[in-house]
Amino acid sequence: MLWQCQLLVTKCALLAAICGVCRSLQGGMLFPTESPSREVKDVSGLWRFRADLSPERNRGFEQQWYRSPLAQTGPVIDMPVPSSYNDITQDAKIRDFIGWVWYEKDVWVPARWIQDRGTRIVLRVGSAHYYSVLWVNGVKAAEHEGGHLPFEADIGGVLRQTSGNQCRITIAVNNTLTLETLPPGTIQYMTDRSRYPAGYFVQNTNFDFFNYAGIHRPVLLYTTPTAHIDDITVETTFSDNIGLVSFNVSVLGSSKPAVKVTLSAHDGRCVASADGIRGVLKVTDVNLWWPYLMHENPAYLYSMEVSVQATAEDGQTDVYTLPVGIRTVKVTSTQFLINNKPFYFHGVNKHEDADIRGKGFDWPLVVKDFNLMKWMGVNSFRTSHYPYAEEILQTADRHGIVIIDECPGVGIKDIRSFGNVSLAHHLTVMEELVRRDKNHPSVVMWSVANEPASEMPPAGFYFKELVSHTKSLDSSRPVTYITDSNYARDQGAPYVDVICVNSYLSWYHDPGHTELISLQLNTQFDDWFGKYQKPIIQSEYGADAVSGLHSDPPMMFTEEYQTTVLQNYHNVFDQKRKEFVIGELIWNFADFMTAQTITRVVGNKKGILTRQRQPKAGAFLLRERYWRIANETGALPAWARNYILFKDH
Ligand code: GCB
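Source: prediction; values computed, not measured.

Q: In this structure, what is going on with the overall build of the protein chain? I would like to understand it.
A: Check the secondary structure of the protein chain and you find 13 helices and 33 strands. Along the three orthogonal principal directions, the C-alpha set of the protein chain runs to about 75 × 70 × 50 Å. If you take every contact in the protein chain between residues at least 6 apart in sequence, the share linking residues at least 24 apart comes to 73%. Averaged over its 62 positive side-chain charges, the protein chain has a centre that lies 2 Å from the centre of its 69 negative ones.

Q: What's the story with helix 6 (residues 363-376) in this structure? I'm lost.
A: Because each turn of an α-helix spans 3.6 residues, side chains separated by three or four positions end up pointing in the same direction. In this model, helix 6 (14 residues) spans 20 Å end to end at C-alpha, consistent with the 20 Å of a helix rising 1.5 Å per residue. By the burial criterion, the buried members of helix 6 are Leu365, Val366, Asp369, Phe370, Leu372, Met373 and Met376. The buried side chains of helix 6 occupy one side of the element, clustering within an arc of 160° when seen end-on. Buried residues belonging to helix 6 abut strand 26 (345-349), strand 27 (380-382), helix 7 (390-399) and helix 12 (617-632). Just beyond helix 6, the residue with positive phi is Gly377, at close to 75°.

Q: Sorry, what's going on with unusual backbone geometry here?
A: Peptide bonds are trans in most cases, and residues, glycine excluded, mostly fall at negative phi. With omega at 0°, the peptide bond leading from Leu182 into Pro183 counts as cis. Mapped onto the fold, Pro183 is located in the loop between strand 11 (166-174) and strand 12 (185-189). The phi torsion at Asp285 lies on the positive side, around 50°, for a residue other than glycine. Inspection of the secondary structure puts Asp285 in the loop between strand 20 (278-284) and strand 21 (302-309). One non-glycine residue, Leu293, adopts positive backbone phi at about 70°. Along the chain, Leu293 turns up in the loop between strand 20 and strand 21.

Q: Quick question: what am I supposed to make of the site of the ligand here?
A: Lining the immediate surroundings of the ligand are 13 residues, of which Asp208, His385, Glu451, Tyr508 and Lys606 lie closest. Within the side chain of Glu451, one N or O atom sits 2.4 Å away from an oxygen atom of the ligand. At 3.2 Å, a side-chain N or O of Arg600 approaches an oxygen atom of the ligand. About the coverage of the ligand: the protein hides 91% of its 320 Å² of free accessible area. Among the residues forming the shell around the ligand, the class breakdown is four nonpolar, four polar and five charged.

Q: Which parts of the structure should I look at to understand the pairing of strand 11?
A: Walk down a regular strand and you will see the side chains alternate between the two sheet faces. Across the nine residues of strand 11, eight count as buried, placing the element largely inside the fold. Direction of pairing for strand 5 (residues 100-108) relative to strand 11: antiparallel, over a ladder of nine bridges. Paired with Asp106 across the strands is Arg168, a residue of strand 11. Here strand 8 (residues 131-136) runs beside strand 11; their pairing, made up of six bridges, is antiparallel. Residue pairing across strands places Val136 opposite Ile169, the latter belonging to strand 11.

Q: Hey, could you run me through the nonpolar core in this one?
A: Soluble globular proteins tend to bury their nonpolar side chains together. With 99 residues, the main nonpolar core has Trp102, Phe381 and Phe463 as its most contacted residues. Setting aside residues up to four positions removed in sequence, Phe381 forms contacts with Val348, Lys350, Phe370, Met373, Tyr388, Ile392, Ile401, Val402, Ile403 and Ile404. Ranked by size, the runner-up nonpolar core spans 49 residues in total, among them Phe247, Val259, Leu281 and Ile404.

Q: Explanation requested: the confidence of the model for the protein chain in the structure shown.
A: Detailed reading of the predicted coordinates is not advisable wherever pLDDT is low. Chain-level statistics for the protein chain give a pLDDT mean of 93 and a share of 94% at 70 or above. Contacts for the low-pLDDT stretch residues 1-25, under 50 throughout, to residues beyond four places or in other chains number 57 contacts.

Q: Explain empty space enclosed by the protein to me, please; I cannot follow it from the model alone.
A: Empty space among the atoms can be located by rolling a probe the size of a water molecule over them. Considering all chains together, one arrives at six cavities of 30 Å³ or more under this definition. For the largest cavity, the calculated volume is near 160 Å³. Lining the largest cavity we find 18 residues, and of these Glu352, Leu365, Val366, Asp369 and Ile392 sit closest to its centre. Counting residues per element, the lining of the largest cavity draws most heavily on helix 6, at four residues. When the residues that make up the lining of the largest cavity are grouped by side-chain class, the tally is eight nonpolar, three polar and seven charged.

Q: Looking at this structure, how should I read a nonpolar patch on the surface?
A: Residues Leu549, Phe557, Val601 and Val602 make up a contiguous nonpolar surface patch of about 350 Å² in total accessible area. Within the secondary structure, Leu549 is located in the loop between strand 32 (536-540) and helix 11 (559-576). A residue is classified by how much of its surface remains accessible, and Leu549, at 40% relative accessible area, is partly exposed.

Q: Would you mind going over the sheet that holds strand 16 (residues 228-239) with me for this structure?
A: Here three strands make up an open sheet; going across it, the order is 16-17-20 and the pairing antiparallel. Across the chains shown, the open sheet's two edge strands, defined by having one partner strand only, are strand 16 and strand 20. Within this sheet the neighbouring strands show an average axis-to-axis angle of 20°, counted without direction. The pairing of strand 17 (residues 242-252) with strand 20 spans seven bridges and is classified as antiparallel. Each residue of the ladder has a partner; that of Phe247, found in strand 20, is Gly279.

Q: Is there a simple way to think about the pattern of salt bridges in this case?
A: Once their charged atoms are close, side chains differing in charge can pair, the charge on each being opposite to the other. Counted under the stated rule, the structure contains 34 salt bridges. The salt bridge involving Glu390 is made with Arg124; its shortest N-O contact spans 2.5 Å. Separated by 266 residues along the polypeptide, Glu390 in helix 7 and Arg124 in strand 6 (residues 119-125) bring together distant segments of the chain. Given a relative accessible area of 4%, Glu390 falls into the buried group. Looking at Arg124, the relative accessible area reads 2%, which means it is buried. Salt bridges sharing common partners tie together Asp574, Arg577, Glu584, Arg625, Arg628 and Glu632.

Q: Would you explain the environment of Gln614 in this entry?
A: Structurally, Gln614 can be placed in the loop between strand 33 (581-586) and helix 12. Taking C-alpha positions, Gln614 is 28 Å from Ile482, a pair spaced 132 residues apart along the chain. When near neighbours in sequence (up to four residues on either side) are disregarded, Gln614 contacts Ile608 and Leu609.

Q: Please explain the side chain of Thr483 as it appears in this structure.
A: Tracing the sequence through the fold places Thr483 in strand 30 (residues 479-484). On the basis of relative accessible area, Thr483 is assigned to the buried category, the value being 3%. A distance of 2.6 Å separates polar atoms of two side chains, one belonging to Thr483 and the other to Asp490. Residues within four places of Thr483 in sequence aside, it is in contact with Glu451, Ser454, Asp490, Ile499, Cys500, Val501, Asn502 and Trp528.

Q: Would you mind showing me how to read the packing of aromatic side chains here?
A: Following the criterion strictly, the structure yields 38 aromatic pairs and no others. Their ring planes at 70° and their centres at 4.9 Å tell us that Phe336 and Phe345 sit as a pair that is edge-to-face. For Phe345, a relative accessible area of 0% gives the class buried. Site record: aromatic cluster; members linked through ring pairs are Phe61, Trp65, Tyr66, Trp100, Trp102, Tyr131 and Trp135. Note that Arg50 overlies the ring of Trp65, its terminal NZ or CZ placed 4.4 Å from the centroid.

About the thresholds
- As a convention, each chain's residues are numbered from 1 in the sequence order in which they are written.
- For a predicted model such as this one, the threshold for reporting local features is a pLDDT of at least 70, and the threshold for listing and counting side-chain atom pairs is 80 or more; totals across whole chains, interfaces and linings nevertheless cover every residue.
- Side-chain metrics rest on all non-hydrogen atoms present in the structure, leaving aside hydrogens and water.
- Going along the chain from the N terminus, every DSSP run of H or I of four or more residues is numbered as a helix, and every run of E of two or more is numbered as a strand.
- Residues are treated as being in contact if the distance between any of their heavy atoms lies within 4.5 Å.
- We treat Lys and Arg as the positive residues and Asp and Glu as the negative residues; His and chain ends play no part in the count.
- By convention, the charge on Lys lies at NZ, on Arg at CZ, on Asp at CG and on Glu at CD.
- Given the number of residues in a helix, its expected span is that number minus one, multiplied by 1.5 Å.
- Each residue gets one of three labels from its accessible area relative to the maximum for its type: buried under 20%, exposed over 50%, partly exposed in between, using a 1.4 Å probe on protein chains only.
- Arc definition: directions from the helix axis to the C-beta atoms.
- Here a residue is considered near a molecule or strand provided that any single heavy atom belonging to it is located within 4 Å of it.
- Here a polar contact is recorded for every N or O atom pair within 3.5 Å, except that within protein the pair must consist of a potential hydrogen donor and a potential acceptor, and residues adjacent in sequence are included only if both atoms are side-chain atoms.
- Shrake-Rupley sampling with a 1.4 Å probe provides the accessible areas, and residues are treated as covered by the protein chains on show and by no other component.
- Throughout, the ten residues Ala, Val, Leu, Ile, Met, Phe, Trp, Tyr, Cys and Pro are labelled nonpolar, Asp, Glu, Lys and Arg are labelled charged, and all others, Gly among them, are labelled polar.
- Two strands are counted as paired when DSSP detects at least two bridges linking them.
- Nonpolar core, defined: a set of buried Ala, Val, Leu, Ile, Met, Phe, Trp, Tyr and Cys residues in which side-chain atoms within 4.5 Å join the residues together.
- Think of pLDDT as the predictor's per-residue confidence, scored from 0 to 100.
- Cavity and pocket criteria rest on a 1 Å grid covering protein atoms alone: a 1.4 Å probe that fits but cannot get out defines a cavity, protein on both sides within 12 Å along at least 5 of 7 lines defines an open pocket, and an atom within 4 Å of a point defines a lining residue.
- Grid points are joined across faces, edges and corners, and a volume is the space filled by probe spheres set on the points.
- For patches, a residue must show more than 30% relative accessible area and have no salt bridge; joins then use 9 Å for like charges and 5 Å for nonpolar side chains, namely Val, Leu, Ile, Met, Phe, Trp and Tyr.
- By definition, a salt bridge exists where a carboxyl oxygen of Asp or Glu is found within 4 Å of a side-chain nitrogen of Lys or Arg.
- Each axis is a line fitted through C-alpha atoms, and for a helix only the stretch in contact is used; angles between axes span 0 to 180 degrees, taken between their N-to-C directions.
- The rule is short: rings of Phe, Tyr and Trp, with Trp giving its six-membered ring, pair when the centres are within 6.5 Å, and they are stacked under 30 degrees, edge-to-face over 60, tilted in between.
- Only Lys NZ and Arg CZ are tested; either one counts as a charge over a ring when it is within 6 Å of the ring centre and within 35 degrees of the ring normal.

Here's what the structure looks like:
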């Protein structure tokens, strides 16, 4: 209670106190890139850090820690950004901390940015978990709710009015979850004084990953001219060999901007151009964006340069270049079509998760993961259970890996989380997600939640609203939410385009009895298809395997048991993919950290790779299977045919 109140009180106080020279941005969410008119300065790196360990966790606000350098109000430690803070120290209090933590960094802002009044200076946080407040030189600049999406603030005004080039950035981040946050959680105070000391509380959640917190993605300073491109929306289609790219450009700071849009091919050749804030570009002999292993030349990206010339008085020009993949997505009652060809998801579920850095963005990890996925013949993944870093989606665009883009609606199990406040927040998060990710060709479907308690009556209304709102934001992609095979009386499934089902046969049900998988999985598929006549993805299945643990005949937790479960599922998939099953996503790509419970041995071990990305037996099984499936479709590029046979293992 105290926690929720404090969070809300702080929120109201902040809203009231938003200062005149800074404003939090409501418009587009273009990824900051450099161009002739834009500069980017990465201010990630080492920051100063303090967890507010006071009993109410609000000493920082009472003492206004943002007003002076953090080191003046108490001890500070080094904290890398981006990274979760939890696993950085040797202190269990920091690992398990709940409440406000404070980050601070001094950065130099180039003098010309400040001197030139025509330059907008924006501070952008890629993501911070969960609730954030941002100050610049002690002046409040932004606040943001939600742990997996970016937020930014125009800080030019405050820089010009305060101390000039050197600027002190302070960010307070609170990981407290409530019934209305996404994901939801509750704080439980333990009142039995014979067992718990005064004030003792725990955070309860209904999701199965560690609630890592901190500044998880890069912090960037970037500039634009004051008259600038705020947002770009593209939608693509094609007919015969003509590609069509409709675009819509939103410009701020200029009443009558002259907008020019040019589309260039890989070799730099301009293939289409148009004037105006909206229009359609026609590309003859189009190179479509194809998924990995579906075409000789997958992941073709055009470059769309948008150039905005403001009115004569200010004379500014802003330029932004967006990669554009031309492709279509359609769903029939039994198929998922990309560019009108059936697409079968042979993929993985992932987590943003690794040793030491937790959920902190890390390029070596991203590149390693894409190399592993391509090695295994993975053509798709789901961003279970929250939006991933934009850099990951960009990498997927460039490699042709298809994405089901999921919002953080995971663990919605309490009936009180189906209320109006939660729904309003969920809709806002979907808006932020679609605004951020709408232009990625790799993103082919929105997932609005994972395993909500969809049997509860309010779930029907809740998901009808969510799905229809998401469709109103983006009509070009199907919408789903992930259902649990147990929820036979699912209230939300009628509204989605694709049924995604999670099941753990012979694991959570009938543990040890892999001989039942075939019967039960057939029943599962026939029931869902019989009821809704919509294509089905097995969006999770798997079994824990502690790497190096063996037993034959297989026993639970061994590598042999994991492969046996997989094989039994695969036999059924091979029948049902001839009918209406359009994909299989293993749970999980890699082992990952969870809260400490009696069912988790230092985390969830359902990875086919260890947390350090070393393959278990299941990875080799899956690799053979995925390459074989890709081979069978007949669309495999020449270089990859018989890859499995000739490639060194
Ligand atoms: C699920 C959840 C996932 C869990 C997984 C498991 O159904 O969607 O978050 O980690 O099961 O291993 O229990």
